[in-house]
Amino acid sequence: MPFEFLSDEQIARYGRFPEEPSAAELEQFFRLDRRALDALASKRRPATKLGWAVQWGTVRMLGVFLTDDPLAVPPEAVAFVAEQLGVDPAHLADYGQRQQTVYEHAWEIRELLGYRDFGSCESEVRQYVAARVWASAEGPRALFDRARVHMLKERVLLPGMTVPVRLVGEVRRTSGCTRWRWRC
């Protein structure tokens, strides 16, 4: 199995929402700032405004856009954003009727917030993981989590889970890291 060293919790939370985001998480990731509000000024329909704003918070919290299922967001997050916009949370059901809109919003938000594709940043992430291998005694689970947090912090869109799993394994292997060495 490609995820052999990950815990069930790590697998469950990668690129996904917790069952109920905390109030602090809602404030940190879904509070609309001036840039978001300025971008929203050009949106007309309540569903479009709400969908865009939910995507904006989603990528900030998870590091991914939910373009395949933009409605897969906890109701607490939708309600939090809807309250800021003064719209009914039920409007989100109408978002994405035109699938291209969801992608256009993702591209717009990506540009606005300065997110980068993993492919253009892979060497940076690889170097970060390699530095962690040599500077700490962290195992592969911790390295995977560190890589995920690093990508979120550096605004790198998270790739599919197998990519960082493979990257951690390769870096540990090419760094001469074996289970017999104390640092690994």
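What comes next is a walk through the structure. (Residues numbered from 1 in each chain as written. Predicted model: local features only at pLDDT ≥ 70, side-chain atom pairs only at ≥ 80, totals over all residues. Heavy atoms only, no water.)

**Quick word on unusual backbone geometry**
1) Next: Of note in this structure, Arg155 is not a glycine but carries a positive phi near 60°.
2) Next: Take Arg155: it is sitting in the loop between α8 (140–153) and α9 (162–174).
3) Next: We classify Arg155 as partly exposed; its relative accessible area is 32%. (Helix = DSSP H or I, 4+ residues; strand = E, 2+ residues; numbered from the N terminus. Buried < 20%, exposed > 50% of the residue type's maximum accessible area, 1.4 Å probe, protein only.)

**Details of the nonpolar core**
1) Next: With 53 residues, the main nonpolar core has Phe30, Leu50, Trp52, Val129 and Phe144 as its most contacted residues.
2) Next: Those elements that place two or more of their residues in this core are α2 (23–30), α3 (34–40), α4 (46–62), α5 (75–85), α6 (99–113), α7 (122–135), α8 and α9.
3) Next: The biggest single contributor to this core is α4, with eight residues. (Core = buried A, V, L, I, M, F, W, Y, C linked by side-chain atoms within 4.5 Å.)

**A short note on the packing of aromatic side chains**
1) Next: By the definition in use, this model includes three aromatic pairs.
2) Next: On the numbers, 6.4 Å between centres and 40° between planes, the contact of Tyr103 with Trp107 is tilted. Here Trp107 and Tyr103 lie together in helix α6, a separation of four residues that amounts to about one turn.
3) Next: One Lys or Arg, Arg60, reaches over the ring of Trp56 and ends 4.2 Å from the middle of that ring. (Phe/Tyr/Trp six-rings, centres within 6.5 Å; stacked < 30°, edge-to-face > 60°. Lys NZ or Arg CZ within 6 Å of the ring centre and 35° of its normal.)

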